[in-house]
Amino acid sequence: MESNELIVCRDVSLGYEGQAILEHLNLTVRSGDYLCIVGENGSGKSTLLRALLGLLSPMSGEIVRSPELRRGAVGYLPQQTKAQRDFPATVYEVVLSGYLNQPGMHFFYTAAQKSGALMNLGKLGVLELKDHCYRELSGGQQQRVLLARALCAAGQLLILDEPITGLDPAAAQDLYKILSYLNRQEGMAVVMVTHDLKAALHSARTVLHIGRSSWFCGTTESYLRSPEGRRFREGDRA
Amino acid sequence: MSLMQMFSYPFMQRALAAGALVSLCCALLGVSLVLKRYSMIGDGLSHVSFGALAVAVALGLTPLYFSIPVVIIAAFFLLRMANHPRWNNDAAIAVMSASALAIGILVISLTTGMTTDVDNYMFGSVLAMTSSDVVLSVGLSAAVLTLFILFYHRLFAVTFDESFSRATGLRVDLYNTLLSVLTALTIVLGMRMMGAMLISSLVIFPALTAMRLFKSFRSVVLSAGVSAVACFVVGLSASFALSTPVGASVVVVDLAVFLLSCAICRLRGAK
């Protein structure tokens, strides 16, 4: 594993209880990458995310994760649950919890962590919401808060699971802008599962398309020329 | 009769000390349980604890020493059930609590007979606490409180977002287990005073009340603790003054405070 590689998948097959969903996948995520994972429902996108996060071991092949990722320094933005939407917690409390992955058994937050949390809130433009209740925010604001928490936890990689679900188009655009900014200016690698192909192609540099029986992985341009990409585009037009 | 006189009785002092501590623990743990949609686990555990108590009495064992390990084991199972993707979770928990209750009742009726004991177990009795129980309650409550404070931030993270916590390397299963073991301990301790049927309300009511009124997790936890202790003291005094069962009195006070908080919440919303 080279120093700029974050995750390397070699001939990986994934699935549950002996039933493979995704087979013979080769994929490398390097620092600074921007990868979008697209595909139909049930094609194994979420399964792949679980494997990239180290929560699911492959049925065959190997997934090598950088030492930093192995100790949990990953900025993960999961799909929101119903219970979360009316959770009584302030924005600040939520964002600070991103630091709990830091090594060592600390029972309380340090001053550096507290100022880091404020900084990340500022970066995402939600600093003035610090003392607001999470459940009273709009969907877009909630995603920004969760992204700020992800930044607290992250080293060099953000992993996002359908981040624009439930957002209105303007809020979704905002989120993509933030992600591009974090990718370009802060060198944060982004891996995102999404349904929104158009926007994904606009900002991503690499696309992984997971189909029923095969997968395609390459730059955005080569994806658009590939049979998978063409079909997707035609489906879009229809 | 004045408050001072009331608490000059040793049994009332014991009830006050143990009950207030148990209420506090229940409320703190309850916030996490309610938010994680685990309210039924508290209910299930109290029924298992009833069954265990009945078996312990039949075998002539010290009730607490027997029921604590049994209920902790049950807590593991209930947690597994609640998280199992394939099982019908609430049905499984309901089946488990009804079975434990039935076994307890059978054991009692076959051995000591259906005496007032059953009534005490089901609905609680202020006389149930012996002084050695109080010592145990104080010790265990102190342990619960210490662990809760030390792991407060982690319990928050696990309650708020299990998938994120898991992905960032927090040992989610460990903290879930911690939560259910602490709940199991608290419920066993409180059950004989509050009654098997009523103890779970100590877990649920303070959290619901606090969630209506407060917006940060910390203030919800603190106010749940304060309201639980206050409701317990008021309920205990009322039960003494009116000669009503202590468990039911405390629950009714909790209910009243909850309805009040709903009204306040409504009024705030109307503004």
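You'll find the structure just up there.
Residues numbered from 1 in each chain as written. Chains lettered and ligands numbered in written order. Predicted model: local features only at pLDDT ≥ 70, side-chain atom pairs only at ≥ 80, totals over all residues.

S.K.: What is the right way to look at the environment of F156 of chain B in this model?
M.R.: The residue F156 of chain B is located in helix 8 (residues 152-160) in this model. F156 of chain B gets classed as buried once you count the C-beta atoms within 10 Å, which come to 25. Setting aside chain neighbours within four positions, we find F156 of chain B in contact with E93 and S97 of chain A together with F217 of chain B. (Helix = DSSP H or I, 4+ residues; strand = E, 2+ residues; numbered from the N terminus. Buried ≥ 20, exposed ≤ 12 C-beta atoms within 10 Å, placed from the backbone. Contact = placed C-beta atoms within 7 Å.)

S.K.: It is not clear to me how the sheet that holds strand 2 (residues 19-30) of chain A should be interpreted in this structure. Could you clarify?
M.R.: The strands that make up a sheet are held in pairs by hydrogen bonds between backbone atoms, and each pair lies either parallel or antiparallel. Residue and element names in this part refer to chain A. The sheet built from three strands is open, its strands ordered 2-1-4 with antiparallel pairing. Sheet topology places strand 2 and strand 4 (60-65) at the edges, where each strand pairs with a single neighbour. The average undirected angle you get between the axes of adjacent strands in this sheet is 20°. For strand 1 (residues 5-16) and strand 4, the ladder comprises five bridges, and the chain directions are antiparallel. Its bridge partner lying in strand 4, I7 is registered against R65. (Pairing = 2+ DSSP bridges. Axes fitted to C-alpha atoms, helices over the stretch in contact; angles between N-to-C directions.)

S.K.: In this structure, what is going on with the pairing of strand 9 (residues 215-219) of chain A? I would like to understand it.
M.R.: Here is the key point about a regular strand: its side chains alternate between the two faces of the sheet. One ladder, built from five bridges, connects strand 8 (residues 206-210) of chain A with strand 9 of chain A; its direction is antiparallel. Within strand 9 of chain A, the residue paired with T206 of chain A across the bridge is T219 of chain A.

S.K.: What is the right way to look at the sheet that holds strand 8 of chain A in this model?
M.R.: Residue and element names in this part refer to chain A. Reading across from one edge, 5-6-7-3-8-9 is the order of the six strands in this open sheet, with mixed pairing throughout. Only two strands of the sheet have a single neighbouring strand rather than two, namely strand 5 (75-77) and strand 9. Between one strand axis and the next, the sheet turns by 10° as a mean value, whatever way the strands run. Packing of helix 6 (residues 139-153) onto the sheet brings it into contact with strand 5 and strand 6 (157-161), and relative to strand 5 it is tilted by some 155°.

Any functional reading would require information beyond the geometric quantities listed.
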